[in-house]
Amino acid sequence: MYNKIQSFRPKINLCSTISNLKTGLSKSETVKLRSAAFLAVTVTLASLLGALYTVSSNLLLSNVKVAEEHSARQSVNEAVQQYAKSGTDIYYTNLVWSKWDETHNFIEQPNKDYIANNFNPQILSSWKLNLIALVHKSGRVVFAQAGGEHNKKFISIPQSLKQHIHTNDLLLQQPNSNQEVTGFLLLPEGLMLIASLPIVHDDGQGPSCGAFIIGRYVKTTQIAKSLADTTEGLPSVYAANSKTIPPDFQAARSSLSEQQPIVVRSLNQQKIAAYTWLKDIYGKPILLLRVEKERQFYQQGKNNLHYLRVALLFLAIGFGSITLLLLDRLIIFQYKRQESEARYRIVVGQASESIFLVDAQTKHFIEANQAFIQLIGYSCTELLNLTLNDVVALENSQNLEQMFAQADRLHGFHQYRRKDGNLVDVEVSINIIFYAGRKVVCHVVRDITERKQAEMALLESERRLAWQASHDALTGLVNRRQFDRYLEQALNNAKLSDTSYCLCYLDLDQFKVVNDTCGHIAGDELLRQVTALLQAQVRSVDILARLGGDEFGLLLHDCNLEQAASVANALRESIEAFRFIWEDKTFRIGVSIGLVGMENDDRSLSKILSAADVACYAAKNQGRNRVHIYQTSDRNLAQQQGDMQWIARIDRALEENRFCLYYQSIVPTSPHAPGGEHYEVLLRLRDEQGELVPPMAFIPAAERYNLMHVIDRWVIRTLFATQAPHYRQSWQRSTLERYECLYTINLSGASINDDSFIEFLHQQILMHQIPPQVLCFEITETVAITNLTKAINFMQQFKRLGCSFALDDFGSGMSSFGYLKNLPVDYLKIDGNFVKDILTDATDLAMTEAINTVGHVMGIKTIAEFVENEAILDKLRALGVDYAQGYGIAKPMPLPTAQLCSDYIIPDASDLEAATYHLSLEEIFASNNLP
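Because the structure is a prediction, the values reported are computed rather than measured.

Any details on the overall build of the protein chain? Residues and values, ideally.
Within the protein chain, the regular secondary structure consists of 33 helices and 33 strands. Looking at the protein chain as a whole, 47% of its 931 residues qualify as buried. Pairs at least 24 apart in sequence give 66% of the contacts found in the protein chain among residues at least 6 apart. In the form shown here, the protein chain has an accessible surface area of approximately 46800 Å², with 52% of it arising from carbon and sulfur atoms.

Shown next as structure tokens:
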């Protein structure tokens, strides 16, 4: 390029353009070449796009088919899984009789009284049963009776059903396997849901003496309706022996096999269906299931094909136009070689790079292309009146002279000053040539402004990343890692000099209430506002950091303990006076501050942080919203260290099984209330010397160091393992006579927050066959409010099983009534601090009466704690409180390791209609949370 520039003639200026270029090509030749090019491009482009559309559409439709079939199969599998759970309700119904000493005795020694009291037509009707059979382990049928589909008449067992009750049949394998069998049988009389359980004693121990078989007729429409609740799609069910199976079912049935257990068929352009067999207890097909779904993938595929056609059309138009344009340019170019010099000047004039010539002596511009004109902002005429000194942004003209004198060829980076005064970053290549008999300098310039901006953006990004690594993104404060570095430096300075430092550990009070009530967005905004409040009151030499959550750290430079205490109290007062407003709510918060001095300190970083944490914890323990200065003789520190010692003692107690269970009775205040058994399960610990330790001695330590969920699980396992037979008998009694039984278990906030605890509790209830209706879980008001969302979810899941919930220490919180309407509780335990002084304190009396009134209005029963004498009980009875608990009622007693109800009496058959300990088929399908 530079050699050609030497041949430029002065009479031709690069600033001008050639607008009317003659090519020498005739009109007829141009038309012929353009027609041939158009035909070739059209044919080629049509072939390529046609092939592309064919391949794409086939691939798309193939993927749509695969997706549709996968979705349909998944829905069928969901229905099959739900079908497998269908026998749960009849299993629990069977469990009432199969695990019963009287049934066991009847199999060995049959008697008429047992049959008359348990299996008359009224009982069959009450339990919605169509079959009862008691079979000895030898295969002898001791008692068998069957009923019609609607229990209107009871007859002997039909032959079609009797053939399933023999020694070698699956229903009579329990005496050997001791396992239950539940599922469906397809009989000529109809579809039967059947359950066969081994007959054992009440405690479930010992060998089985036979099988207890019960059955209930179920319609295919009921099964389809139940499957619809948990299946994505519309299920339909037909029995294998049905005479009215639709054609599509018949076609699918002929295609189903062991190798092809699921068949997918397209019903039409809107519907697709998947078919499979539902099997009986023997694994034989008895029901033909179809799940019908909308063909969403197919419709989407058709839309995508439409979009593809439109896209290919636009692509063809665009690509064809560009191709034809390029060919047209090529044709014209072939006939312009005779104008090489003019063409060369046009190329230079239209180049994206800026090119210009400057006189080597005077530095005046000689020529410049259009790119440089646009870059510099001057017109061509204006530029020819300027020198290079007017454009190059150098500090002085000597630098420009040195640049020219260095070499014949030079490459470098400079800044040019535009006409509007703005600077442009450029990369310049300089070549000294001879032009029209004189020495000139040719400049080839590339605009690198965007590259410079990208480099600056990269540097800014690196600085930002470095900042983010050491700062908290939410508040902009130093983060925990960087704060530790500053703290380490302060410790070293304190050891090597007389400089004093102080560390403040700040923990916001009531932050979780804001976070749980208004959400994390509100919590984040609160942290930002608190950060701004703190920053406004600390010096620039001090280091303020966010250590995590709602915890902050403050390192005070050159500050003794007395001055630091003054600063900490000022911060506390400002936060106490602060009001956080979110939407229509206003919140007051506080801060607990732990303060540690660092003067000539030999302690390590971890010990300093631990001391600050201990001091902050002591401030919270003393009532929150205060400053606590760390002292080695601090009682709170001793308490903290004592808590840490308790951790090892609790672990040893769990390993050595030294925890023990107590109970305290809860009695109704009304003399007309039905009899029964209602108590709260309490926890005690025996120390290494065998002495009892009250719970408040070790529970605070367990809560602080996250051991309460382990203790809660120990209580559940131990209680269910030892009391299961008694709880089942109590429940049977409550269903047969006017008898109340309820057993209250305390749960900690750690268990409520533990997502795996729900599964654990489900497993324990099922493992020990505990009737959920006898269980009442007690949660403190503070735990419920602090963990509101999880508490509500936990309650709702177990209330669906039949469990009850009590809210303990009600009235101790500041927003008790406001939160109560959101909690699905059955009992309110009025805080004992109100109850114990209701005879002498009018305020406590009013609070107790208010809580009782609100509870009753909401349909919640009330329980008064700390009932110490008969006078308090009389007052509570006058107020209408439902239940009472306290030393004036009954003291805590050790819970026996095995409780049996010796006075249990089987009532008349007419009372059996009250027995409800089973889950209906509809309830099982409606609840996905059953264990």
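If you had to explain the sheet that holds strand β16 (residues 501-509) to someone new, which residues and values would you point to?
Judged by pairing direction, the sheet is mixed, and its 5 strands sit side by side in the order β17-β18-β16-β21-β22 without closing on themselves. Of all strands in the sheet, those bounded by a partner on one side alone are β17 (543-548) and β22 (627-629). The mean angle between the axes of side-by-side strands here comes to 20°, regardless of whether they run parallel or antiparallel. Where β17 and strand β18 (residues 551-557) come together, 5 bridges link them in antiparallel fashion. By the bridge assignment for β18, I543 is matched with L555. In the packing of helix α21 (residues 605-621) onto the sheet, contacts are made with β16, β21 (590-598) and β22, and the angle to β21 comes to roughly 145°.

Requested: an account of the state of the cysteines, with residues and values cited.
Tallied over the entire structure, the rule returns 0 disulfides. The structure places no disulfide on C502, whose sulfur is separated from the nearest cysteine sulfur, that of C559, by 5.1 Å. For C502, a relative accessible area of 1% gives the class buried.

I'd like a description of the confidence of the model for the protein chain, backed by residues and values.
With 85% of its residues at a pLDDT of 70 or more, the protein chain shows a mean pLDDT of 80. A low-confidence stretch, residues 1-12 (pLDDT under 50), is modelled with 34 contacts involving residues beyond four sequence positions or located in other chains. Confidence over residues 898-931 falls short of pLDDT 50; this stretch has 80 contacts with residues more than four positions distant or in other chains.

Any details on a nonpolar patch on the surface? Residues and values, ideally.
Side chains of L52, L315 and F319 sit close together on the surface and give an oily, nonpolar patch of about 280 Å² of accessible area. Within the element layout of this structure, L315 appears in helix α11 (residues 296-334). A relative accessible area of 43% places L315 in the partly exposed class.

Talk me through the packing of helix α17 (residues 480-496) against α21; I want residue IDs and the actual numbers.
In a pair of packed helices, the angle between the axes and the distance between the axes together describe the arrangement. Taken N-terminus to C-terminus, the directions of α17 and α21 make an angle of 110°; their axes are 10 Å apart at the nearest point. Judged by the inter-axis angle, α17 sits roughly perpendicular to α21. Along the contact surface, α17 presents R480, D484, L487, E488 and L491, while α21 presents L605, I608 and L609. Of the residues contributing to the contact of α17 with α21, the split by class is 5 nonpolar, no polar and 3 charged.

Would you mind going over the pairing of strand β8 (residues 262-266) in detail, with residue names and values included?
If a strand is regular, its side chains alternate between the two faces of the sheet. One ladder, built from 5 bridges, connects β8 with strand β9 (residues 271-279); its direction is antiparallel. Pairing of V263 across the sheet is with Y275, part of β9. The hairpin formed by β8 and β9 contains 4 residues between the paired strands.

Could you give an account of empty space enclosed by the protein, naming the residues involved and the relevant values?
Overall, the coordinates contain 2 cavities of 30 Å³ or more when judged by the stated rule. One number sums up the size of the second largest cavity: a volume of about 150 Å³. Among the secondary structure elements, those contributing two or more residues to the lining of the second largest cavity are α3 (88-98) and α24 (708-736). A total of 5 residues in the lining of the second largest cavity trace back to one element, the largest contributor, which is α24. A per-class count over the lining of the second largest cavity returns 5 nonpolar, 3 polar and 3 charged.

Let's hear about helix α26 (residues 755-767): which residues, and what values?
For α26, the complete set of buried residues consists of F757, I758, F760, L761, H762, Q764 and I765. Positive phi shows up at Q769, right after α26, with a value of about 55°.

An account of the pattern of salt bridges is needed here, citing residue identities and associated values.
Applying the stated criterion across every chain yields a total of 34 salt bridges. Across the pair E688 and R658 runs a salt bridge whose closest N-O atoms are separated by 3.9 Å. Taken together, the residues E688 in the loop between β25 (675-686) and β26 (692-693) and R658 in the loop between α22 (635-655) and β23 (659-665) connect sequence positions 30 residues apart. Owing to a relative accessible area of 40%, E688 belongs among the partly exposed residues under this scheme. Overall, R658 belongs to the buried group, its relative accessible area being 14%. Where salt bridges share partners, they join D248, K271, R290, E292 and E294 into one cluster.

Lay out the sheet that holds β8 with the relevant residues and their values.
On the basis of which strands lie adjacent, the open sheet formed by 4 strands has the order β7-β10-β9-β8 and antiparallel pairing. Two strands close off the open sheet at either side, each with one partner strand: β7 (234-239) and β8. Direction aside, the axes of adjacent strands within the sheet are offset by 20° on average. Strands β7 and β10 (285-294) of the sheet are contacted by helix α9 (residues 220-228), whose axis makes an angle of about 155° with β7.

Any details on the packing of aromatic side chains? Residues and values, ideally.
The tally for this structure, following the rule as stated, stands at 25 aromatic pairs. By way of ring pairs, the aromatic residues F757, F760, F777, F794, F798 and F805 are connected into one cluster. One Lys or Arg, R684, reaches over the ring of Y662 and ends 5.5 Å from the middle of that ring. A cation sits over an aromatic face here: R713 above F760, 4.7 Å from the ring centre.

Account for the pairing of strand β31 (residues 861-864), naming residues and giving values.
As defined by bridge partners, strand β30 (residues 827-830) adjoins β31 across 4 bridges and the pair is classed as parallel. When the sheet's bridge partners are listed, I830 is paired in β31 with A864. Both β31 and strand β32 (residues 883-884) contribute to a ladder of 2 bridges, which runs parallel. In the strand pairing of β32, A864 is matched with A884. Crossover connection from β31 via helix α32 (residues 870-879) to parallel β32: handedness right-handed.

Basis of the calculations
- Here the residue numbers are simple positions, counted from 1 along each chain's written sequence.
- A pLDDT threshold of at least 70 governs which residues receive local features in this predicted model, and a stricter bar of 80 or more applies before side-chain atom pairs are shown or counted, although totals over entire chains, interfaces and linings include all residues.
- The basis for every side-chain value is the complete set of heavy atoms in the structure, and neither hydrogens nor water enter the calculation.
- Strands are runs of DSSP state E lasting at least 2 residues, helices are runs of H or I lasting at least 4, and numbering of each runs from the N terminus.
- Only protein chains enter the accessibility calculation, which uses a 1.4 Å probe; a residue whose area is less than 20% of its type maximum is buried, one above 50% is exposed, and one in between is partly exposed.
- Residues count as neighbours in contact if any of their non-hydrogen atoms are within 4.5 Å of one another.
- For the area figures, the Shrake-Rupley method with a 1.4 Å probe applies, and any residue is considered shielded solely by the protein chains shown.
- When DSSP locates at least two bridges between a pair of strands, those strands are taken to pair.
- Orientation is described by axes fitted as lines to C-alpha atoms, over the contacting stretch for helices, and by angles from 0 to 180 degrees between their N-to-C directions.
- Disulfides are defined in this document as cysteine sulfur pairs within 2.5 Å.
- For every residue, the predictor states its confidence as a pLDDT score lying anywhere from 0 to 100.
- The residues that make up patches have over 30% relative accessible area and no salt bridge, and they are joined within 9 Å when like-charged or within 5 Å when they are Val, Leu, Ile, Met, Phe, Trp or Tyr.
- The salt bridge definition used is simple: a Lys or Arg side-chain nitrogen within 4 Å of an Asp or Glu carboxyl oxygen.
- These descriptions rest on fixed angle ranges, namely under 35 degrees for roughly parallel, over 145 for roughly antiparallel, 65 to 115 for roughly perpendicular, and the rest for oblique.
- Residues are grouped as follows: nonpolar covers Ala, Val, Leu, Ile, Met, Phe, Trp, Tyr, Cys and Pro; charged covers Asp, Glu, Lys and Arg; every other residue, Gly included, is treated as polar.
- Lining residues are those with an atom within 4 Å of a point, where the points come from a 1 Å grid over the protein atoms alone and group into cavities, where a 1.4 Å probe fits but cannot get out, or pockets, open sets with protein on both sides within 12 Å along at least five of seven lines.
- Grid points are joined across faces, edges and corners, and a volume is the space filled by probe spheres set on the points.
- Stacked, tilted and edge-to-face are the three classes assigned to paired rings of Phe, Tyr and Trp, where Trp is represented by its six-membered ring and a pair needs centres within 6.5 Å; plane angles under 30 degrees give stacked, over 60 edge-to-face, the rest tilted.
- Here, over-ring charges are defined by two tests on the NZ atom of lysine or the CZ atom of arginine: distance to the ring centre within 6 Å, and angle to the ring normal within 35 degrees.
- For crossovers, right-handed means that the path from the first strand over the helix to the second runs clockwise, given strands pointing away from the viewer.

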